[in-house]
Amino acid sequence: MVSDANKVEIIPFSAELKEHIKILNLEWLHKYFKVEPKDEKVLSNPQTEIIDKGGMIFYARYNNKIVGTVSLLKIDYAVFELTKMAVSDGNQGLGIGKKLMEHCLNKAKENGIQKLILYSNRKLLPALALYESFDFMEIPLEEGIYERADIKMERNLF
């Protein structure tokens, strides 16, 4: 039997899919937090704010629907932020987040990225468990990145 995760295809950003990063992220932001000005700016302009600045956006397609997304936002040549990760409510628990994470790590290594960082919140237990399962470690959190962030994690790739 083929598992559902094996039916998930990870595809790169394209202009036709640009709305999906916003739709998927607004779903969880409204559920758990609020949409911050920084979120609105990035989610409304993913081409300008992520792709054009040297970053990457990926989508998870399952049953011909876009059900997940994740981005790698360039901080500098060696460090990228893993950000804007979301899987739609009805598709959680299928291993889609794990598949998105594996894809990001592979792409980061292919592109010579040395370190990934991320910001999260301690009440997002499934997300934190996912990050920890991929060897992300907690590091000190600086102020003023996201209001909702109460934890920062990193993973060295090389």
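For the structure, see preceding data.
Conventions adopted
Residues numbered from 1 in each chain as written. Predicted model: local features only at pLDDT ≥ 70, side-chain atom pairs only at ≥ 80, totals over all residues. Heavy atoms only, no water. Helix = DSSP H or I, 4+ residues; strand = E, 2+ residues; numbered from the N terminus. Buried < 20%, exposed > 50% of the residue type's maximum accessible area, 1.4 Å probe, protein only. Phe/Tyr/Trp six-rings, centres within 6.5 Å; stacked < 30°, edge-to-face > 60°. Lys NZ or Arg CZ within 6 Å of the ring centre and 35° of its normal.

Undergrad: Is there a simple way to think about unusual backbone geometry in this case?
TA: Generally, phi is negative for residues other than glycine and the peptide bonds are trans, each holding for most cases. Located in the positive-phi region is lysine 84, a residue other than glycine, with phi close to 55°. By the element assignment, lysine 84 lies in strand E4 (residues 79-87). For lysine 84, a relative accessible area of 6% translates into the label buried. In this structure, aspartate 135 is a non-glycine residue whose phi angle is positive, near 70°.

Undergrad: Just to check I follow, could you spell out the packing of aromatic side chains for this structure?
TA: When we look at a pair of aromatic rings, we describe it by the centre distance and by the angle of the planes. On inspection of all chains with the given rule, the structure shows four aromatic pairs. A ring pair is formed by tyrosine 32 and phenylalanine 33, whose centres lie 6.4 Å apart and whose planes are at 50°; its orientation type is tilted. Note on tyrosine 32: relative accessible area 36%, which makes it partly exposed. Three or more aromatic residues joined by ring pairs form one cluster here, namely Trp28, Tyr32 and Phe33. The residue whose ring lies beneath lysine 38 is tyrosine 146, and the NZ or CZ to ring-centre distance is 4.6 Å.

Scope: geometric values only; no functional claims are made or implied.
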